[in-house]
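# An overview of the molecular structure
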Amino acid sequence: MIKQNSFRYFKTSPEIIRLAVMMYVRFPLSLRNVEDLLHERGIDICHETVRYWWNRFGPLFAREIRKKRNFPSQNYSNWRWHLDEVFVKINGETHYLWRAVDHEGEVLEVYVSKRRDRKAALVFLKKLMKRHGKPNEIVTDRLRSYRAAMKTIGNAEVQEAGRWKNNRCENSHLPFRRREQAMLKFRRLRSLQKFVFIHASVHNHFNHERHLTKRKIFKLQRNAALAEWQQLSAA
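Structure report, in brief. (Residues numbered from 1 in each chain as written. Predicted model: local features only at pLDDT ≥ 70, side-chain atom pairs only at ≥ 80, totals over all residues. Heavy atoms only, no water.)

### Here we look at the sheet that holds strand 2 (residues 93-102)
- Strands sit in the order 3-2-1-4-5 across an open sheet of five strands; the sheet is mixed. Pairing within the sheet leaves two strands with one partner each, and these edge strands are strand 3 (107-113) and strand 5 (159-161). Within the sheet, the average angular offset between the axes of one strand and its neighbour, ignoring direction, is 25°.
- In the sheet, strand 1 (residues 81-90) pairs with strand 4 (residues 138-140) via two bridges, with the strands oriented parallel. Note that in strand 4 the partner of H82 across the bridge is V139.
- Sitting on the sheet, helix 7 (residues 174-182) is in contact with strand 1 and strand 2, with an inclination near 15° to strand 1. (Pairing = 2+ DSSP bridges. Helix = DSSP H or I, 4+ residues; strand = E, 2+ residues; numbered from the N terminus. Axes fitted to C-alpha atoms, helices over the stretch in contact; angles between N-to-C directions. Contact = heavy atoms within 4.5 Å.)

### Notes on helix 9 (residues 215-229)
- Taking 1.5 Å of rise per residue, the 15 residues of helix 9 would be expected to cover 21 Å, and the 21 Å separating its terminal C-alpha atoms lies within 8% of that figure.
- Taken together, the buried positions of helix 9 are occupied by F218, A225 and W229. Take helix 9 and look down its axis: the buried residues cluster within an arc of 40°, on one side only. Residues of helix 9 that are exposed and angled more than 90 degrees away from the buried face: K216 and L220.
- Contact partners of the buried residues in helix 9: helix 1 (14-26), helix 3 (47-68) and helix 8 (189-206). (Expected span 1.5 Å × (residues − 1). Buried < 20%, exposed > 50% of the residue type's maximum accessible area, 1.4 Å probe, protein only. Arc of directions from axis to C-beta.)

Shown next as structure tokens:
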């Protein structure tokens, strides 16, 4: 089967489209900030073009990244997962962003719901385990919805709740919070779910935990990640 070129109807080069999408999703920049930065490089586009590009190609890039990061792999372990939820305002209405990360900080799944009851926690856990299997240990906060959902699934014995034990997942919300402020909040639940899916995949792709590796190794990993990004959706 011949793979179709995703950029075949666009006059702009794929390199510029990938650069604009990466700048907008990865860094806390507004659409007009990306427009100005590209203008300094001699690329004259409108901020609405950046909006169209990330809406069109963002999910495409995110799906391709997730396919390449196969789970479970030989180097991947279901040793411990960290689950947490945060408040997100959509048109003044409170919604909840559920997030799951592994013991190394890799974002496994994100899910947006209007409530944080047992039903929402159950949907989130089913989505998570359908893709990644069952872990040996799940660390959560003291929200009762987790306990009720795990009893329904039948793995309540692997839950571990504590006040400061879930800092790994709570810290993983920070890149999204910075990005949320630059975007001036969200207007629709669907757009929020779409963006957090793209943002999580891009964050995983470029996150190399530089504080745990030597400078030489980090530079090699960064160059490899950038080279892989430049080949996304290539014909």
